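Examining the three-dimensional arrangement
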Amino acid sequence: MDWTEKYRPRHIRDLVGNIGVLQTMVSWAQSWSPKDRPLILYGKPGTGKTSAAHALAGDMGWDIIELNASDQRTKAALEKIAGSSALTAPLSGAEHKLIVLDEVDNLHGTADRGGAKALLDIIKKTQQPMILIANILQDVPAELRSRCEPLQFRSIQARSLIPRLRFICAAEHLQCSDTLLEEVSTRAEGDVRAAITMLQAAAIGKKVLTPQDLSSSSKDERSTIFDLIGAVFRGRSHEELVRQAQATGETPERIVQWLEGSVGLLPDYQRVAQAYRSLRRADLYLGRTIRRQYYLLWRYAQAIAVIGMAEAAQKQGIHARISPPTRWQRIGSARRQRAIRGDLLHRLSSRYHIPERVLREEYLTLFSLLVEHAPEHYVLELDLDADALNLFLHDRERSVMIVKKVKEEGAAREKMATSRAPRKDTSPGGTQSTLF
Amino acid sequence: MLKATIDADIFRESIDAIAALVTECRMHVEPDRLYTRAVDTANVAMVSLQVKKEAFETYQATKEELGLDIAKLKNMLGMMGKGDKLDLSLPEGGHRMEIAFNRYRYALTLLDVNTIRKDPNPPTIELPGKVILTGEALQAAIKAASMVSDKIALGIDPDNKFFYMVAEGDTDHIRLELGQSEVESLTLVEVRSLFSLDYLKDMGRVMGKAEKVEIHLGVNHPVKFSFDFADRNGHIDYLLAPRIEAE
């Protein structure tokens, strides 16, 4: 039998770690009324979210209804199961029933179509306590998040995990050394489920466990770019860094860009310079990879970037938020600007019969002056929106105001006009003379 | 092991009763009876069914637990004619039940019982109010209520000595009162609970065939419908959780 099920905590007091969060859950349950918001438990796998929900229901004497990603979670299914549950009293005569929706950060795809919306409706009208569970809070639809109380489950520290593992060993009549338990709990990286599974795998067919039994059963490698950058700044060993970079599944280009984005977190110019030296070298290798189409060079680029950056960081650790490279934002907004500009030139060109290139090179300044002089007129004439107008005026607020005003006037005029005549003809020939 | 012959109508009634709530169940086979208890996926309603040995024409069995795909069985019922005889046979520890009727031999693969929800605990709730009325009257009332609303209140008014059902829709309203002379038996205690018609409609179709149905009620408590079939050799209990009235 699966030990993680066999030794799943039955009571809140049996859970390991996250004491503050568990207390919050208990007081939420004890004073629960239909006006209270549902909880969202989030955190890495194996930190006790699902167990906590089950243990809470057990301790409170509540019934429990659980829906997870293996159940169908379409709109209809959710309404039928969670919806009717949320509005009815428990069958057993218990005071309440706890509705647990696991893995709500995976509410997408065709199988769960309309699920998030249905869930939102259920949350609005539920008469029973609800707990939502997710790995990553940011992946839960924002409208759901805003109606719930988020509680974070943090990774379990190795030393708090050891007593639990020792208890399981005793219950299974296994002899385990402390070094083995320490090794298991460190390797698990805060994931209790992983630790217990590792222990079970190592214990197959044995009565006495030594650290050697463990070698073959190691936790699956999973790593995010955030973990990698954290590790770089913490100064993990070179092998570890290279392995982790591999495990993120990001291309070296992206890893280099992320690292470059975090250069600003280094304390002084000397270290920034040192970081850039290795990033530059990594970039050289990236260039060669592409030019020669020789992808074996990729690994050098990646290794040079992470190791070099780690050297520059000198194990200082990281305290600020790790955010995506600002360069990506800049590229994004530059692209948007270009699109607006292109669209505007296209409109001017077809309106006034001037080639786009000539417009761009010779007439744009002139047009700016004209528009500056009578912005309302051009908004109407060229049907400009605030973004396009802003290219002429370089004053965002004013542009928005002008466009808004013109729109309102237009709407008012249309209202009056509809009763009498069809809209005024605005063909190019009719208004062209006003410009020249 | 199971070897039995049963009238198709009794079999159909049993399967219909379960199918009203669930699509699969654990059927317990014992030397003197078959029984099952199951709750629907939303934990809102429960069915307990028992068919005694006497309901069968022949019956031989040893203790066993079968995983039945009720949805499949229900489809198969359509092929049976009225008055057909059904031969059920399952070898010791077998995974396939043979159902023979009207020259068909249907081999039904059983589900692994471990994949089906465990039997729920029998609820221990006190329901003081009790009414007995005909299944037909009950089904008619449920039908009437579903025309105006999606929920129905059941209750007893001890002062005026009647059992009542009320359904309130957005615009319409329907009320039925049955005095002591119009029902078979009535305990005079004040009780009232609200129920979802979604479930009651499905149960009503089954209960409509029963000669009489015992209704047990409490104050905002589940309702229990209790009735016999197959000449009192079969018994069904339905339990339905009440709706909470939002204030």
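The coordinates are above.
Described in the following lines is the structure provided in the data block. (Residues numbered from 1 in each chain as written. Chains lettered and ligands numbered in written order. Predicted model: local features only at pLDDT ≥ 70, side-chain atom pairs only at ≥ 80, totals over all residues. Heavy atoms only, no water.)

With that settled, the discussion passes to the packing of aromatic side chains. Following the criterion strictly, the structure yields 11 aromatic pairs over all chains and no others. Considering the side-chain rings of A:Phe226 and A:Trp258, the 5.5 Å spacing of their centres and the 75 degrees angle between planes classify their relative orientation as edge-to-face. One end of the pair, A:Phe226, is in helix H10 (residues 225-234); the other, A:Trp258, is in helix H12 (residues 252-261), and 32 residues separate them in sequence. With a centroid separation of 5.6 Å and 35 degrees between ring planes, the pair formed by B:Phe101 and B:Tyr104 is classed as tilted. Among the aromatic side chains, those forming a connected cluster through ring pairs are A:Trp3, A:Tyr7 and A:Phe167. Across from the ring centre of A:Tyr285, 5.5 Å away, lies the NZ or CZ of A:Arg288, which sits over that ring. Here the basic side chain of B:Arg175 rests over the ring of B:Tyr164, its NZ or CZ set 4.9 Å away from the ring centre. (Phe/Tyr/Trp six-rings, centres within 6.5 Å; stacked < 30°, edge-to-face > 60°. Helix = DSSP H or I, 4+ residues; strand = E, 2+ residues; numbered from the N terminus. Lys NZ or Arg CZ within 6 Å of the ring centre and 35° of its normal.)

Moving on, we get to the environment of A:Ser146. Residues and elements named next belong to chain A. Checked against the element boundaries, Ser146 lands in the loop between helix H6 (142-145) and strand S5 (149-153). Taking C-alpha positions, Ser146 is 9.7 Å from Arg37, a pair spaced 109 residues apart along the chain. A polar atom in the side chain of Ser146 sits 3.0 Å from the backbone oxygen of Glu143. (Polar contact = N/O pair within 3.5 Å; in protein donor to acceptor, adjacent residues only side chain to side chain.)

What follows is about the sheet that holds strand S11 (residues 151-157) of chain B. Residues and elements named next belong to chain B. Ordered in space as S13-S12-S11-S15, the four strands form an open sheet in which the pairing is antiparallel. Each edge of the sheet is formed by a strand with only one pairing partner; in this case those strands are strand S13 (173-179) and strand S15 (191-196). Averaged over all pairs of adjacent strands, the angle between their axes in this sheet comes to 15 degrees, without regard to strand direction. Of the strand pairs in this sheet, S11 and strand S12 (residues 162-168) are connected by five bridges, and their pairing is antiparallel. (Pairing = 2+ DSSP bridges. Axes fitted to C-alpha atoms, helices over the stretch in contact; angles between N-to-C directions.)

Once that is clear, we can look at unusual backbone geometry. All names here are of chain B. The backbone of Lys161 shows a phi angle near 55 degrees, a positive value even though the residue is not glycine. Taking relative accessible area as the criterion, Lys161 reaches 43% and is therefore assigned partly exposed. Positive phi outside glycine occurs at Arg232, with the angle close to 65 degrees. Relative to the elements of secondary structure, Arg232 occurs in the loop between strand S17 (223-229) and strand S18 (234-240). (Buried < 20%, exposed > 50% of the residue type's maximum accessible area, 1.4 Å probe, protein only.)

What follows deals with the pattern of salt bridges. Tallied over the full model, the rule gives 30 salt bridges over all chains. Ionic pairing is found between A:Arg398 and A:Glu372, a salt bridge with its closest N-O pair at 3.2 Å. In this pair, A:Arg398 sits in helix H19 (residues 396-418) while A:Glu372 sits in helix H16 (residues 356-373), placing the two residues 26 residues apart along the sequence. Take A:Arg398: its relative accessible area is 30%, and that puts it in the partly exposed class. Notably, a salt bridge pairs B:Asp9 with B:Arg12, separated by 3.0 Å at the nearest N-O pair. Taken together, the residues span about one helical turn, with B:Asp9 and B:Arg12 both in helix H1 (residues 8-19) at a distance of three residues. On the basis of relative accessible area, B:Asp9 is assigned to the partly exposed category, the value being 23%. Exposure remark for B:Arg12: the relative accessible area of 22% places this residue in the partly exposed category. Overlapping salt bridges bring together A:Arg236, A:Glu240 and A:Arg243 as one network. (Salt bridge = Lys/Arg side-chain N within 4 Å of Asp/Glu carboxyl O.)

All names here are of chain B. Closest axis-to-axis distance for the H1/helix H2 (residues 70-77) pair is 10 Å, and the angle between their directions is 140 degrees. Taken together, the axes of H1 and H2 are oblique relative to one another. Where H1 crosses over H2, the handedness of that crossing is left-handed. Contacts from Phe11, Arg12, Ile15, Asp16, Ile18 and Ala19 of H1 reach H2 at Ile70, Leu73, Lys74 and Leu77. (Parallel < 35°, antiparallel > 145°, perpendicular 65-115°, else oblique. Left-handed = near helix turned anticlockwise from the far one by under 90°. Contact = heavy atoms within 4.5 Å.)

Residues and elements named next belong to chain A. Strand order in the open sheet made by the five strands is S2-S3-S4-S1-S5, with parallel pairing throughout. Edge positions in the sheet fall to strand S2 (63-67) and S5, since each of these pairs with one other strand and no more. For this sheet, the mean angle separating the axes of adjacent strands, direction not counted, is 20 degrees. Relative to strand S4 (residues 130-134), strand S1 (residues 39-43) runs parallel, the two being bridged by four bridges. Note that in S4 the partner of Leu41 across the bridge is Ile133. Here helix H4 (residues 75-87) sits on the sheet and contacts S2 and strand S3 (97-101); the angle it forms with S3, its principal contact strand, is near 150 degrees.

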